[in-house]
Amino acid sequence: MNLVKGTAQTNGGIMDITMKDLQSEEEIREVYPLMNQLRPHLDEEEYVSLVLEAQAKEGYRLRGLFEEGRLCALIGFQPMITLYYGRFVWVSDLVTDVSRRSEGFGAYLLRDVETWAHDHAFTSVALSSGLEKTEAHRFYEEKAGYSRASFVFRKTDLKEE
């Protein structure tokens, strides 16, 4: 899918929306202000570089949801295979513009990725969410039907010893 136009039932009613896969550097750069709401630690150049590299090497897909030409939400995901989950899709990024939250855009994007996963023979969708994001956790569990599966641990600043 590169561009799909249609209507969506959201909390705000039925809306005319456009879904678009964002692939070019220009498209990726244009949506940086919204992604920056989710990933404020990334400056624009690092964000663009990481998205382009992830697209080329990891199959990362970045999809935007637009209403009347205005960007409302983004989702970034990639197909993966691990021994724990098997064939699944990992949602790396999901953000709705702060002025448009609780209108159903996030749920719509997750359903879209779930459909993509099913259509491409993946068995599940997984994501992680920061410990402090309690509203997001409530959304994933109560509105989107996701369950807590694990904790994610990470180690940074790896140094040679």
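The structure contained in this document is the topic of the report that follows. What you see is a predicted model, and the numbers here were worked out from it, not measured in a lab.

**A word on helix 3 (residues 44-58)**
With 15 residues, helix 3 extends 20 Å from end C-alpha to end C-alpha; this agrees with the ideal 21 Å at 1.5 Å per step. All buried positions along helix 3 are accounted for by Tyr47, Val48, Val51, Ala54 and Gln55. Along the axis of helix 3, the buried residues cluster in a sector spanning 135 degrees; they form a single face. In helix 3, the exposed residues that point more than 90 degrees away from the buried face are Ala56 and Lys57. The inward-facing, buried residues of helix 3 contact helix 1 (25-30), helix 2 (32-38) and strand 3 (61-67). By the N-cap criterion, in which a side-chain oxygen at the helix start approaches the backbone nitrogen of a residue two or three places on, helix 3 is capped by aspartate 43, the distance to glutamate 45 being 3.1 Å. Remark: glycine 59 follows helix 3 within two positions and exhibits a positive phi of approximately 75 degrees.

**Points about the pattern of salt bridges**
Evaluated as defined, the whole model comprises 13 salt bridges. Note that glutamate 25 is salt-bridged to arginine 29, the shortest N-O span being 2.8 Å. Here the residue glutamate 25 and the residue arginine 29 both occupy positions in helix 1, the gap between them amounting to four residues, near one helical turn. Glutamate 25 sits in the partly exposed class, given a relative accessible area of 40%. Overall, arginine 29 belongs to the partly exposed group, its relative accessible area being 23%. Notably, a salt bridge pairs arginine 138 with glutamate 135, separated by 3.3 Å at the nearest N-O pair. Separated by three residues within a single helix, arginine 138 and glutamate 135 lie in helix 5 (residues 134-143), roughly one turn from each other. With relative accessibility at 36%, the residue arginine 138 sits in the partly exposed group. You can call glutamate 135 exposed: its relative accessible area is 56%. Sharing partners across several salt bridges, the network here consists of Asp21, Arg61, Arg63 and Asp112.

**Quick look at the pairing of strand 3**
Along any regular strand, the residues point their side chains to alternate faces of the sheet. A large share of strand 3 lies buried, amounting to six of its seven residues. Bridge count between strand 3 and strand 4 (residues 70-82): seven bridges; the pairing is antiparallel. What sits directly across from leucine 62, in strand 4, is glycine 76.

**Some points on the packing of aromatic side chains**
Inspection of every chain in the model, using the stated rule, returns nine aromatic pairs. Measuring from centroid to centroid gives 5.4 Å for phenylalanine 77 and tryptophan 116, while their planes differ by 65 degrees, and the two rings are edge-to-face. Separated by 39 residues along the polypeptide, phenylalanine 77 in strand 4 and tryptophan 116 in helix 4 (residues 105-119) bring together distant segments of the chain. According to the relative accessible area criterion, phenylalanine 77 is buried, its value standing at 0%. Taking 6.5 Å as the distance between ring centres and 90 degrees as the angle between the ring planes, the aromatic pair formed by phenylalanine 88 and tryptophan 90 counts as edge-to-face. One aromatic cluster is present, built from ring pairs that chain together Tyr84, Tyr85, Phe88 and Trp90. When the ring centre of phenylalanine 122 is taken as origin, the NZ or CZ atom of arginine 87, which lies over that ring, is 4.1 Å away.

The rules behind each value
Residues numbered from 1 in each chain as written. Predicted model: local features only at pLDDT ≥ 70, side-chain atom pairs only at ≥ 80, totals over all residues. Heavy atoms only, no water. Helix = DSSP H or I, 4+ residues; strand = E, 2+ residues; numbered from the N terminus. Expected span 1.5 Å × (residues − 1). Buried < 20%, exposed > 50% of the residue type's maximum accessible area, 1.4 Å probe, protein only. Arc of directions from axis to C-beta. Contact = heavy atoms within 4.5 Å. Polar contact = N/O pair within 3.5 Å; in protein donor to acceptor, adjacent residues only side chain to side chain. Salt bridge = Lys/Arg side-chain N within 4 Å of Asp/Glu carboxyl O. Pairing = 2+ DSSP bridges. Phe/Tyr/Trp six-rings, centres within 6.5 Å; stacked < 30°, edge-to-face > 60°. Lys NZ or Arg CZ within 6 Å of the ring centre and 35° of its normal.

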